[in-house]
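# Survey of secondary and tertiary structure
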Amino acid sequence: MLPIKKNMERLTTAVTGPDRWFSHIYDLLAPIYDLLWARKEMRRDLAARLRLQPGQRVLETGIGTGANLPYLCEAVSRSGQIEGVDVSAGMLCRAERRSTTISCPVHLTLQNAADLPFPADHVHAVLHCGGINFFTNRGKALQEMVRVAKVGARLVIADETLALPGGLGKFVSRGILGLVPRLRPPLQLLPPQAELIQVEYWRKG
């Protein structure tokens, strides 16, 4: 595991279950992750969906290598702030390096999204891109994202699923999602404070 940089706080809670294994996997993938998963158009679109304003504070859980940082910073400008958490120290070291190339403050924490180190009503928006399908405790992570968000905040969560077009595609999708139910959008796990819920399926990116 790579060393924690000076502007990165250490993990304060134990990582268990799938989270523990994925933290090690992402440590190994960190040096090549951006080559495998750049998808700039998708990331720009996700950031735009948050409808951020200059001066606001945004949280990204599972921030990874910080590939979304340029688009989030562009939205909140120099007067805003970005909070980022991840369970992989290797990924966070990459994010720390990328944070030095943008103009707004970035604070990174090695932490599980199911136990966010922030008070309630702390951020104006929350972004999560990838990995939530196999969180050890997805419901608790979603509750935490809602807890730290201000009333009226937008939460944008993206991850892989399966929604093949056509009659045969729908049949195949239902079969695979039946075998791997965690690939379904976890709508049933959202806390009651989450309102105006919308699900979209993208075939590109």
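Scroll up to find the structure this text is about.
Residues numbered from 1 in each chain as written. Predicted model: local features only at pLDDT ≥ 70, side-chain atom pairs only at ≥ 80, totals over all residues. Heavy atoms only, no water.

## Re the nonpolar core
For soluble globular proteins, nonpolar side chains are generally found buried alongside one another. What counts here: Throughout, nonpolar core names a set of buried Ala, Val, Leu, Ile, Met, Phe, Trp, Tyr and Cys residues whose side chains join them through atoms within 4.5 Å. Residue burial is assigned from relative accessible area. The probe radius is 1.4 Å, only protein chains are included, and a residue is buried under 20% of its type maximum, exposed over 50%, and partly exposed in between. Helix and strand labels come from DSSP, where a helix needs a run of H or I of at least four residues and a strand needs a run of E of at least two; each type is numbered from the N terminus. Should any heavy atoms of two residues lie within 4.5 Å, those residues are counted as being in contact.
Counting residues in each nonpolar core, the largest one holds 26 residues, and the members touching the most others are Leu-46, Leu-50, Leu-52, Val-58, Leu-72, Ile-82 and Ile-102. Counting only elements with at least two residues in this core, the list comes to α3 (40–49), α4 (69–76), α5 (89–99), β4 (106–110), β5 (123–129) and β6 (149–158). Broken down by element, the residue count for this core peaks at 5 residues, all from α4. Excluding residues that lie within four positions of it along the chain, Leu-72 makes contacts with Ala-47, Leu-50, Leu-52, Val-58, Glu-60, Ile-82 and Leu-127.

## Remarks on the packing of aromatic side chains
To be explicit about the condition: Working definition: rings of Phe, Tyr and Trp (its six-membered ring) pair if their centres are within 6.5 Å, and the pair is stacked with planes under 30 degrees apart, edge-to-face with planes over 60 apart, and tilted otherwise.
Following the criterion strictly, the structure yields 3 aromatic pairs and no others. Ring plane angle 25° and centroid distance 6.3 Å describe the contact between Phe-22 and Phe-134, whose orientation is recorded as stacked. Of this pair, Phe-22 sits in helix α1 (residues 17–29) while Phe-134 sits in the loop between β5 and α6 (138–148), placing them 112 residues apart in sequence. On the basis of relative accessibility, which here comes to 31%, the residue Phe-22 falls in the partly exposed class. Counting every residue linked through ring pairs, the aromatic cluster contains Phe-22, Tyr-26, Tyr-33 and Phe-134.

## A look at the environment of Leu-108
By the secondary structure assignment, Leu-108 is in strand β4. Through-space distance from the C-alpha of Leu-108 to that of Asp-19 is 18 Å; in sequence the pair is 89 residues apart.

## With respect to a nonpolar patch on the surface
Rules: Here, patches come from residues exposed beyond 30% relative accessible area and free of salt bridges, joined within 9 Å for like charges and within 5 Å for nonpolar side chains (Val, Leu, Ile, Met, Phe, Trp, Tyr). We get accessible surface area from the Shrake-Rupley algorithm with a probe of 1.4 Å; when it comes to residues, only the shown protein chains can shield them. One speaks of a salt bridge when a side-chain nitrogen belonging to Lys or Arg is within 4 Å of a carboxyl oxygen belonging to Asp or Glu.
Side chains of Trp-21, Phe-22, Ile-25, Phe-134, Leu-164, Leu-168, Phe-171, Val-172, Ile-176, Leu-179 and Val-180 sit close together on the surface and give an oily, nonpolar patch of about 1,100 Å² of accessible area. Looking at the nonpolar patch, the elements that each hand over two or more residues are α1 and α7 (166–179). Considering each element in turn, the nonpolar patch owes the most residues, 5 residues, to α7. Considering the arrangement of structural elements, one finds Leu-164 in the loop between β6 and α7. Judged by relative accessible area, which is 32%, Leu-164 ranks as partly exposed.

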